[in-house]
Amino acid sequence: MLILRFAGLDLARIRDHSALVVVEITEDKDETNDSNNKIITVIDAIEYPHITLDKLAEMIKIKHEKYQWTTLLIDATGFGGAIAYDILSKYMDCKAVIFTNNIKNQMVSNLVTLVANKRIRIPKEHKRLIEQMLEQRIISDSPSIKYRHPSNKNDDLFWALCLACFACKDMLNQSYMKIVSKKFYHQENLYGKYDAIHFRW
């Protein structure tokens, strides 16, 4: 059975951590007669407290040797992201993603769709990743959708997962939910100014 793996790397800003999430695509054994039976499973999710880019790159290379993923999507926003991409692209297939509100919304829409269609599995040992998914918020009174997390929390694993899933979205052949709009959040989450992302587990 062919197993394809992809990864997402979210880089640290001022207070948070860098994070790597690795996923693999396999066939759902419970849906062998379904032509669209591919499942994404999280196989690793790790946070890297504040470390230099050189050291981070070495640790990512070790992970790549272990998992041999097809593509790594890197958060290349800012100066550090460009440097990380330049270092890692010498050793593996990398794609740089500049985080804008539009790109973030596409990635979150993709993840929401995967959860709604039961096409992603997150083992219970990745508790921090699940917590970060549930903690993510949008600012609904902004002209466009903006994503935030509690000031005393991190969201690095969440965005690394979004990147990893976005890297392999073309492999699933599913019809994607239209880009999530403010109306969707208002309908699903009536929490006032800060709305939770509604994952239909």
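Here the structure is a predicted model, which means the values were calculated and not measured.

Participant: Provide a residue-level description of the pattern of salt bridges, including the pertinent values.
Facilitator: Side chains that differ in charge, positive against negative, can pair when their charged atoms come close. A complete count under the given rule lists five salt bridges for this structure. As a salt-bridge pair, E47 and R128 come within 2.6 Å of each other at their nearest N and O atoms. Placement of E47 in strand 3 (residues 38-48) and of R128 in helix 4 (residues 127-135) is noted, with a sequence separation of 81 residues between them. Among the ionic pairs, D93 bridges to K95, the shortest N-O distance being 3.4 Å. The class for K95 is partly exposed, based on a relative accessible area of 44%.

Participant: Would you mind going over the sheet that holds strand 4 (residues 71-75) in detail, with residue names and values included?
Facilitator: Pairing is mixed in the open sheet, where six strands are placed in the order 5-4-1-2-3-6. Looking at strand neighbours, the two that pair on one side only are strand 5 (94-97) and strand 6 (120-121), the edges of this open sheet. Two strands pair when backbone bridges link them, and strand 4 and strand 5 are joined in this way by four bridges, in the parallel orientation. Paired with L73 across the bridge in strand 5 is K95.

Participant: Lay out the packing of aromatic side chains with the relevant residues and their values.
Facilitator: Applying the stated rule across the entire model yields two aromatic pairs. Taking 5.6 Å as the distance between ring centres and 55° as the angle between the ring planes, the aromatic pair formed by F99 and W159 counts as tilted. One end of the pair, F99, is in the loop between strand 5 and helix 3 (101-116); the other, W159, is in helix 5 (residues 156-167), with 60 residues separating them in the sequence. Grouping residues by exposure puts F99 and W159 together as buried. When the centroid spacing of 4.9 Å and the interplanar angle of 75° are considered together, the rings of F158 and W159 count as edge-to-face. Every member of this aromatic cluster is reached through a ring pair, and the members are F99, F158 and W159. We note K61 situated over the ring of Y91; from NZ or CZ to the ring centre the distance is 3.9 Å. Above the ring of F166, the side-chain terminus of K169 is found at 5.3 Å from the ring centroid.

Participant: Would you mind going over the state of the cysteines in detail, with residue names and values included?
Facilitator: Evaluation of the coordinates by the stated rule reveals zero disulfides. In this structure C162 is not part of a disulfide, and its nearest cysteine sulfur, from C165, lies 7.1 Å away.

Participant: With reference to specific residues and values, describe unusual backbone geometry.
Facilitator: At Q68, a position not held by glycine, the phi torsion is positive, near 50°. Mapping Q68 onto the fold places it in the loop between helix 1 (53-67) and strand 4. In this structure, K118 is a non-glycine residue whose phi angle is positive, near 55°. Residue position: K118 is located in the loop between helix 3 and strand 6. For K118, a relative accessible area of 56% gives the class exposed.

What counts, and where the lines are drawn
- Residues numbered from 1 in each chain as written.
- Predicted model: local features only at pLDDT ≥ 70, side-chain atom pairs only at ≥ 80, totals over all residues.
- Heavy atoms only, no water.
- Salt bridge = Lys/Arg side-chain N within 4 Å of Asp/Glu carboxyl O.
- Helix = DSSP H or I, 4+ residues; strand = E, 2+ residues; numbered from the N terminus.
- Buried < 20%, exposed > 50% of the residue type's maximum accessible area, 1.4 Å probe, protein only.
- Pairing = 2+ DSSP bridges.
- Phe/Tyr/Trp six-rings, centres within 6.5 Å; stacked < 30°, edge-to-face > 60°.
- Lys NZ or Arg CZ within 6 Å of the ring centre and 35° of its normal.
- Disulfide = S-S within 2.5 Å.

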